[in-house]
Amino acid sequence: MGKTTAEKIFEAHLVDEPFPGTKVLKLDVVLCHEITTPIAIDDLIRRNKDRVFDATRIKAVIDHVTPSKDTKTATQAKILRDWARRHGIKDFFDIGANGVCHALFPEKGFIRPGYTVIMGDSHTCTHGAFGAFAAGIGTTDLEVGILKGVCAFRQPKTIKFNVNGTLPKGVYAKDVILHIIGKIGVNGATDRVMEFHGDTIAAMTMESRMTLCNMAIEAGGTSGICQPDATTVEYLWPFIKDEFASKEAALADYSKWKADPDAEYDQTIDIDVTTLQPTVTFGYKPDQSKFVGDMPDSPVDQVYLGSCTNGRMEDLRIAARILKGRKVAPTVRGILSPATPKIQQEAIREGLIDIFMEAGFCVTNPTCGACLGMSNGVLAEGEVCASTTNRNFMGRMGKGGMVHLMSPATAAASAIEGKIADPRKYL
Amino acid sequence: MKTFGGPALFLDRNDINTDEIIPAKYLTEITKEDLKPYILEDLKLPGFDPKGAKTKNARVVVSRANFGCGSSREHAPWVFEVNGITAVIAESFARIFRQNMFNCGMAAIELPKADLDQIFSHAADDDAAMDIDIEAGTLTVNGTGKQKTFTFDISPFDKALVLAGGWVDYADQKY
Ligand code: SF4
C-alpha cells in the first residue's frame, strides 16, 4: 500500500515508538522565537539541562515584538540573545536582520522537502509548503526538541485536498484557504495533516503555498503539506546548488517525498476554485467567512497588511497595484509591515513603499506586532480591522477589537473605500 | 503525579481558544505564577466571571468541542495549573493544547457529547465536583443528590506522561 507524504517523513525520521501509535521523530530543524523560547530556556536552566542537541539545527529570531517596547519584551529578547550566544547558535536573527519567523526561515533556505520541523508557534505548519512535516508545539515539546532533537507525535492521518481550476480574477491563495476552512470548520482537520494536491496548487508560487499551509492550523490541522516540485526546487536552488548536479537531480531526489498514488487517506475533499470569489471572515472564528459581496456596509478603522500569512513580496505587489495613485480613506489607518528585511528592501527598490506611503500607509519594520495585538497597531475597544493575518479571535488585535481576515487585494481595496470592498474593480 | 478532581467550572461553548484562556499580552511573563490573575480573562460567556468564586475554587474545567484551539502557547495549561486546575474535560481538544496538557503531567480528558450533556446538567449545582482516577479511566460526578460515573480513554503514552509528571524528564532519560 502506498504512503502519504507525512507517512514517508515519519518513517524516515522514526527514533522510537514507545507505545503503539506514538512516534518519536528525529528533528531536522528546531525554530525559536522570543515569546515562547525564553520560558523554555528558563525551565531548562532550572532543571540543570541548559544544553542544545545541535547548534547548527536550531534557528532563532526575535520577531514578535521588535524593537522591544518595554522592559518585559526587552528581557525576553535578551534571554533569547544570550542563549543563542552561549550555545553558538549562528542562525540567530536580531535587529536589522530579523523578520517574521515563518517568512524569514524559508527565505534563508532552512526548510527542505522531507524535513521535520517544530517551533513553539502554531503557524509552523507554514513550512509544509516545501513538502516538509512542520508542526507547532508547546514549551515542553520545545524544551525536549532543543535538548534532544526529538519530538513525539501521533501517527498522522491525512486529508487529501484536490484543488483544481484556474483562480478567477481577484482570488488568491488566501481566499482558497479561507474557503477550505469555512468548508471543514475550525476543527475539521484536528490531528490530521492537510495534504494539498491539484493543478491550482501546482500553479502556485512558493509564497502562495506558504499562505495556504500557514492557515492549516485554523482548521486544527497538524501540518499543511504541498508536494515538492519544480517550483520548490527553483525557490531553493540558491541554497542547494552545491548539493545537486542539476535542478533535475534535485527534483528527482525531492520527489521521493511525494505521496504515492495509492496512498490511503482519512478523507479526500475536492475543491473547485473556478467559482470562488474574494472571501472575508465576519465573526470571531476563521471558519466564519463570506464572499466579499455578501458583506456590504462594513466599515473598518484600520487596514493591516503583513504577517506570516500575507506579508511577502507578491502580497505587497498586489496591494500596491491596487493602491497606486489612490488614497486611503480618511477614516482608515493603513499599516504595512513587510515580513522580512529582504522583502522590505525589495519593496523599496521596486518603488512599492513609495506607493504605500503616497496612499497614506504607515510602514513599520518587519515584525509580528499588531497580528497578535502586542504592538504596532493594537485596536481600541470596538474598533474594526481589515487584516491579511490569520486569526480573527475576539481581542486578538487588542481587547474588544474585531478582525476581518482577507487577502492583501481585498485589504487594499478596503483601505481605499473605508469599508470592506471588492478588489476586482481595481484590477 | 499531580492530583486530579474537585469542584468543576463549566464553560458551555465550543472552540474556546487559547487567547481566551490567556491573552497574548501576558505572554511576556517569564514565570508561570505571574500568569495567575489573568485566567480566562477575555472569555465572554453568559454568567461567567473570570474573577468569580467558581473560577477560583475550580479544580476541573468542563467544556465542549475543540477546546484550546489557536495559539501553541503552553501558558494556557500553566494558567490552569497555577490556579489549581489540573484536568480539562471536553468533547474534543485542539492537538497542541492537548499535548501541552499531558506534557505538563496534566489531563485532557475526552468524553462523548452525550456524556458531556449529562455532566452539564450539573452546571447549576454550586457544589458539582468530580472524582477522577487516571489509572482506572473513570470520572465520577457528584452533584446535589446525584452521582454518576463515566469512563474515558487516554492513550498509553499520554498516561505515561501523567504518571511520570511530564515529558522533559521522560525524554531526557530515554533519548
Ligand atoms: S505574524 Fe502573527 S501569526 Fe505569524 S508568527 Fe507572528 S504573531 Fe504568529
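Residues numbered from 1 in each chain as written. Chains lettered and ligands numbered in written order. Predicted model: local features only at pLDDT ≥ 70, side-chain atom pairs only at ≥ 80, totals over all residues. Heavy atoms only, no water.

A. Geometry of the overall build of chain A. Looking only at helices and strands, one finds 15 helices and 19 strands in chain A. Scaling as 2.2 N^0.38, a compact globule of 427 residues should have a C-alpha radius of gyration of about 22 Å, and chain A matches this with 21 Å. Principal-axis analysis of the C-alpha atoms places the extent of chain A at approximately 60 × 50 × 40 Å. The buried share of chain A, reckoned over its 427 residues, is 65%. (Helix = DSSP H or I, 4+ residues; strand = E, 2+ residues; numbered from the N terminus. Rg over C-alpha atoms; globule rule 2.2 N^0.38 Å. Buried < 20%, exposed > 50% of the residue type's maximum accessible area, 1.4 Å probe, protein only.)

B. Structural context of the packing of aromatic side chains. For the structure on display, the rule yields 21 aromatic pairs over all chains. Between Phe19 of chain A and Phe157 of chain B, the ring centres sit 6.3 Å apart and the planes meet at 50°, which makes this aromatic pair tilted. Of the two residues, Phe19 of chain A sits in strand E1 (residues 14–19) while Phe157 of chain B sits in helix H6 (residues 156–164), which places them in two different chains. Among the residues examined, Phe157 of chain B registers a relative accessible area of 3% and is labelled buried. (Phe/Tyr/Trp six-rings, centres within 6.5 Å; stacked < 30°, edge-to-face > 60°.)

C. Quick look at the sheet that holds strand E7 (residues 146–151) of chain B. Residues and elements named next belong to chain B. Taken together, the seven strands give an open sheet; going across it, the order is E4-E3-E2-E1-E5-E6-E7, and neighbouring strands pair in mixed fashion. If you trace the sheet from one side to the other, it starts and ends with strand E4 (107–110) and E7, each paired once. Each strand axis lies, on average, 25° off the axis of its neighbour in the sheet, ignoring direction. Both strand E6 (residues 138–143) and E7 contribute to a ladder of six bridges, which runs antiparallel. Counterpart to Val141 in the pairing with E7 is Lys148. Taken strand by strand, helix H5 (residues 113–120) contacts strand E1 (5–10), strand E2 (60–62), strand E3 (87–90), strand E5 (129–133), E6 and E7, and its axis lies near 155° from that of E7. (Pairing = 2+ DSSP bridges. Axes fitted to C-alpha atoms, helices over the stretch in contact; angles between N-to-C directions. Contact = heavy atoms within 4.5 Å.)

D. Seen up close, the pairing of strand E10 (residues 192–197) of chain A. Residues and elements named next belong to chain A. In terms of residue burial, E10 counts as a mostly covered element, since six of its six residues are buried. Side chains Arg192, Met194 and Phe196 project from E10 onto one buried face, and the interleaved Val193, Glu195 and His197 project onto a second face that is buried too. When strand E9 (residues 157–164) meets E10, the two strands line up parallel, connected through six bridges. By the bridge assignment for E10, Phe161 is matched with Phe196. Of the strand pairs in this sheet, E10 and strand E11 (residues 223–226) are connected by four bridges, and their pairing is parallel. The residue bridging Met194 from the neighbouring strand is Gly224, located in E11.

E. Representation of the site of the ligand in the model. Residues and elements named next belong to chain A. Close to the ligand lie 13 residues, the nearest being His123, Cys308, Cys368, Cys371 and Asn390. Elements supplying a minimum of two residues to the shell around the ligand: helix H4 (101–107) and helix H11 (307–310). Tallied by class, residues from the shell around the ligand come to six nonpolar, five polar and two charged. (Near = heavy atom within 4 Å. Nonpolar A, V, L, I, M, F, W, Y, C, P; charged D, E, K, R; others polar.)

F. Looking closely at the interface of chain B and chain A. Each partner contributes to the interface: chain B provides 44 residues, whereas chain A provides 49 residues. For the pair chain B and chain A, the summed buried surface comes to about 4000 Å²; carbon and sulfur atoms form 57% of the total. Ranking the residues of chain B by area buried against chain A places Ile30, Arg95 and Tyr175 of chain B at the top, with a combined share of 18%. Applying the counting criterion to the chain B and chain A interface returns 13 salt bridges. Residues Arg154 of chain A and Asp158 of chain B are paired through a salt bridge, measuring 3.2 Å at the closest nitrogen-oxygen approach. Where chain B meets chain A, there are 23 residue pairs in polar contact (both at pLDDT 80 or more). At the level of secondary structure, the elements contributing two or more residues to the side of chain B that touches chain A comprise helix H3 (75–82), helix H4 (95–103), H6 and helix H7 (167–174) of chain B. Residue composition of the side of chain B that touches chain A, by class: 18 nonpolar, 11 polar and 15 charged. (Buried area = accessible area lost by both parts, 1.4 Å probe. Salt bridge = Lys/Arg side-chain N within 4 Å of Asp/Glu carboxyl O. Polar contact = N/O pair within 3.5 Å; in protein donor to acceptor, adjacent residues only side chain to side chain.)

G. Region of the structure containing the environment of Gly149 of chain A. Residue and element names in this part refer to chain A. With respect to the secondary-structure elements, Gly149 resides in the loop between helix H5 (139–148) and strand E8 (150–154). Sequence-wise, Gly149 and Asp54 are 95 residues apart; in three dimensions their C-alpha atoms are separated by 7.6 Å. Beyond its immediate stretch of four places on either side in the chain, Gly149 contacts Leu25, Lys26, Leu27, Phe53 and Val144.

H. Fine view of the nonpolar core. By size, the foremost hydrophobic cluster in this structure holds 64 residues, and its most contacted members are Phe67, Phe80, Met130, Ile132 and Leu139 of chain B. The residues contacting Phe67 of chain B, other than those within four sequence positions of it, are Leu11, Ile16, Ile21, Val61, Phe80, Val88, Ala90, Ser92, Phe93, Ala94 and Phe97 of chain B. Counting residues in each nonpolar core, the second largest holds 61 residues, with Phe93, Cys213 and Ala250 of chain A together with Ile96 of chain B among its members. (Core = buried A, V, L, I, M, F, W, Y, C linked by side-chain atoms within 4.5 Å.)

I. How the structure looks around the pattern of salt bridges. The tally for this structure, following the rule as stated, stands at 46 salt bridges over all chains. Through salt bridges with shared partners, a single network forms among Asp42, Asp43, Arg46, Arg47, Lys49, Arg51, Glu143 and Lys148 of chain A together with Asp169 and Asp172 of chain B.

J. Geometry of the pairing of strand E6 (residues 116–119) of chain A. Residue and element names in this part refer to chain A. Burial along E6 is two-sided: the residues Thr116 and Ile118 and Val117 and Met119 are all buried. As defined by bridge partners, strand E3 (residues 29–33) adjoins E6 across three bridges and the pair is classed as parallel. Paired with Leu31 across the strands is Met119, a residue of E6. When E6 meets strand E7 (residues 133–136), the two strands line up parallel, connected through four bridges. Its bridge partner lying in E7, Ile118 is registered against Ala135.

K. Just the environment of Leu212 of chain A, in detail. All names here are of chain A. For Leu212, the position within the fold is in helix H8 (residues 206–214). Through-space distance from the C-alpha of Leu212 to that of Ile180 is 9.7 Å; in sequence the pair is 32 residues apart. With near-sequence residues (within four places) excluded, Leu212 lies in contact with Ala173, Val176, Ile177, Phe196, Ile201 and Cys226.

L. Summary view of the side chain of Thr364 of chain A. Residue and element names in this part refer to chain A. Position of Thr364 among the secondary structure elements: in the loop between strand E17 (361–363) and strand E18 (384–387). In this structure the side chain of Thr364 is engaged in a polar contact, spanning 2.5 Å, whose partner is the side chain of Ser337. Once residues lying within four places of it in the same chain are set aside, the contact partners of Thr364 are Ile335, Leu336, Ser337, Pro338, Gln344 and Asn376.

M. Structural view of the side chain of Glu34 of chain A. Residue and element names in this part refer to chain A. Examined against the element boundaries, Glu34 turns out to sit in the loop between E3 and helix H2 (37–46). This buried residue, Glu34, is left without a salt bridge; Arg81 holds the nearest opposite charge, at 8.8 Å. Not counting the four nearest positions on each side in its chain, Glu34 is found in contact with Val61, Ile62, Asp63, His64, Val65, Gln76, Ala77 and Leu80. (Lys, Arg positive; Asp, Glu negative; His and termini not counted.)

N. Spatial organisation of the sheet that holds E1 of chain A. Taken together, three strands build an open sheet; the order of strands is E1-E2-E8 (chain A) and the sheet is antiparallel. Only two strands of the sheet have a single neighbouring strand rather than two, namely E1 and E8 of chain A. Going from strand to strand, the sheet's axes swing by 25° on average, the running direction of each strand aside. Packed onto the sheet, H7 of chain B meets E1, strand E2 (22–26) and E8 of chain A and runs at close to 125° relative to E1 of chain A.

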